Amino acid sequence: MTPQQLIDDTAAFVQRTLQHAEAGHDWWHILRVWNNAKHIGATEQADMLVVELAALLHDIADSKFNGGDEEIGPRTAIEFLRGQGADEVIIEQVELIIRHMSFKSTFDGQKFYSPELAVVQDADRLDAIGAIGIARAFTYGGFKGRELYNPNIAPNLNMSKEEYKHATAPTINHFYEKLLLLKDKMNTATAKQMAERRHEYMEGYLTQFYAEWEGKS
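Residues numbered from 1 in each chain as written. Predicted model: local features only at pLDDT ≥ 70, side-chain atom pairs only at ≥ 80, totals over all residues. Heavy atoms only, no water.

Caption draft 1: Summary view of the overall build of the protein chain. For the protein chain, the count of helices and strands is ten helices and zero strands. The order of helices and strands in the protein chain, counted from the N terminus, is α-α-α-α-α-α-α-α-α-α. By the compact-globule yardstick of 17 Å for 217 residues, the protein chain fits well, its C-alpha radius of gyration being 18 Å. Across its three principal directions, the C-alpha atoms of the protein chain cover 60 × 35 × 30 Å. Considering only contacts within the protein chain whose residues lie at least 6 apart along the sequence, 66% involve residues at least 24 apart. As displayed, the protein chain has an accessible area near 11000 Å², and 50% of this comes from carbon and sulfur atoms. Distance from the positive charge centre (22 side chains) to the negative charge centre (32 side chains) of the protein chain: 3 Å. (Helix = DSSP H or I, 4+ residues; strand = E, 2+ residues; numbered from the N terminus. Rg over C-alpha atoms; globule rule 2.2 N^0.38 Å. Contact = heavy atoms within 4.5 Å. Areas by Shrake-Rupley, 256 points an atom, 1.4 Å probe, with all protein chains shown as cover. Lys, Arg positive; Asp, Glu negative; His and termini not counted. Charge placed at Lys NZ, Arg CZ, Asp CG, Glu CD.)

Caption draft 2: Inspection of the environment of I129 at higher detail. Tracing the backbone shows I129 in the loop between helix 6 (115–126) and helix 7 (130–143). With residues near it in sequence (within four places) discarded, I129 still touches L179, L182, M186, A195, R198 and M202.

Caption draft 3: Here's a closer look at the nonpolar core. Grouped together as the largest cluster of nonpolar side chains are 59 residues, with contacts concentrated most on V14, L57, L81, V94 and F175. Here this core takes eight residues from helix 3 (residues 48–57), the largest share from any one element. (Core = buried A, V, L, I, M, F, W, Y, C linked by side-chain atoms within 4.5 Å. Buried < 20%, exposed > 50% of the residue type's maximum accessible area, 1.4 Å probe, protein only.)

Caption draft 4: Looking closely at the side chain of Q121. Among the secondary structure elements, Q121 is positioned in helix 6. Look at Q121 and you get buried, because its relative accessible area is 1%. Here the side chain of Q121 touches N187 through a polar contact of 3.0 Å, side chain to side chain. Ignoring sequence-local partners within four residues, the contact set of Q121 consists of H100, M101, T106, Q110 and N187. (Polar contact = N/O pair within 3.5 Å; in protein donor to acceptor, adjacent residues only side chain to side chain.)

Caption draft 5: Region of the structure containing the side chain of D26. In this structure, D26 sits in the loop between helix 1 (3–17) and helix 2 (27–41). As a buried residue without a salt bridge, D26 has its nearest oppositely charged side chain in R32, at a separation of 5.1 Å. (Salt bridge = Lys/Arg side-chain N within 4 Å of Asp/Glu carboxyl O.)

Caption draft 6: Highlighting helix 6. The end-to-end C-alpha separation of helix 6 is 17 Å, in line with the 16 Å expected for twelve residues at 1.5 Å each. Burial within helix 6 is extensive, with eleven of its twelve residues counted as buried. Those residues of helix 6 lying buried are E116, L117, A118, V119, V120, Q121, D122, A123, D124, R125 and L126. Turning to helix 6, the residues buried within the fold contact helix 2, helix 3, helix 5 (88–100) and helix 10 (189–213). (Expected span 1.5 Å × (residues − 1).)

Caption draft 7: View of the packing of helix 7 against helix 10. Viewed as axis vectors pointing N to C, helix 7 and helix 10 meet at an angle of 55°, and their least axial separation amounts to 7 Å. Compared by their axis directions, helix 7 and helix 10 come out oblique. Taken together, the residues of helix 10 that come into contact with helix 7 (itself represented by G130, A131, I134 and F138) are R198, Y201, M202 and Y205. Looking at side-chain class alone, the contact of helix 7 with helix 10 contains six nonpolar, one polar and one charged residues. (Axes fitted to C-alpha atoms, helices over the stretch in contact; angles between N-to-C directions. Parallel < 35°, antiparallel > 145°, perpendicular 65-115°, else oblique. Nonpolar A, V, L, I, M, F, W, Y, C, P; charged D, E, K, R; others polar.)

Caption draft 8: Local environment of the pattern of salt bridges. The tally for this structure, following the rule as stated, stands at six salt bridges. R99 is the partner of E95 in a salt bridge, and the nearest nitrogen-oxygen pair spans 2.9 Å. Separated by four residues within a single helix, E95 and R99 lie in helix 5, roughly one turn from each other. Across the salt bridge formed by D184 and K183, the nearest N and O atoms sit 3.0 Å from each other. With a relative accessible area of 18%, K183 lands in the buried category.

Put into structure tokens, the structure is as follows:
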């Protein structure tokens, strides 16, 4: 199997698997992250086969939709890639990226780094901010039955990993607890540049949101 065939088969597998997923973590999210990763990776010294496979498989079985099981995602990716006859070195790199790329994984410090992780992590973080990031945040908040905003519930800016995983706060709080922090956590120059405009868009959105909330706009 050629590298391109492996990528194509992986994309088809992910699209089938996530066809009924929650809208913020569905195939279209994967496709956007994949496209981001290819764009960012073009300027980095990274193994693009690893980058593309990790981008495609990073949310194949997200723990928050699987009872908090943080092993199901890496396990599903490994089983699929082994079934395709992928090289074990490639599989190991993809597994490590999936295990260490999420925002919650950074609460304990960055325990793994590679150029490929940097690219895929940035690609995923970019899809969490800007216009699409806002849409995804409220989609997931609605999915979990959360309030849009409650001025009596302040954002928790010093939460632990467990508190983050089990948070039930209004969606607006998520901007301060994660989304507005991502611009300064980008790894690559390309992603840093892309993040600037998306970050500014979110700040403008929040200004408008509060004005409307108070009946001033």
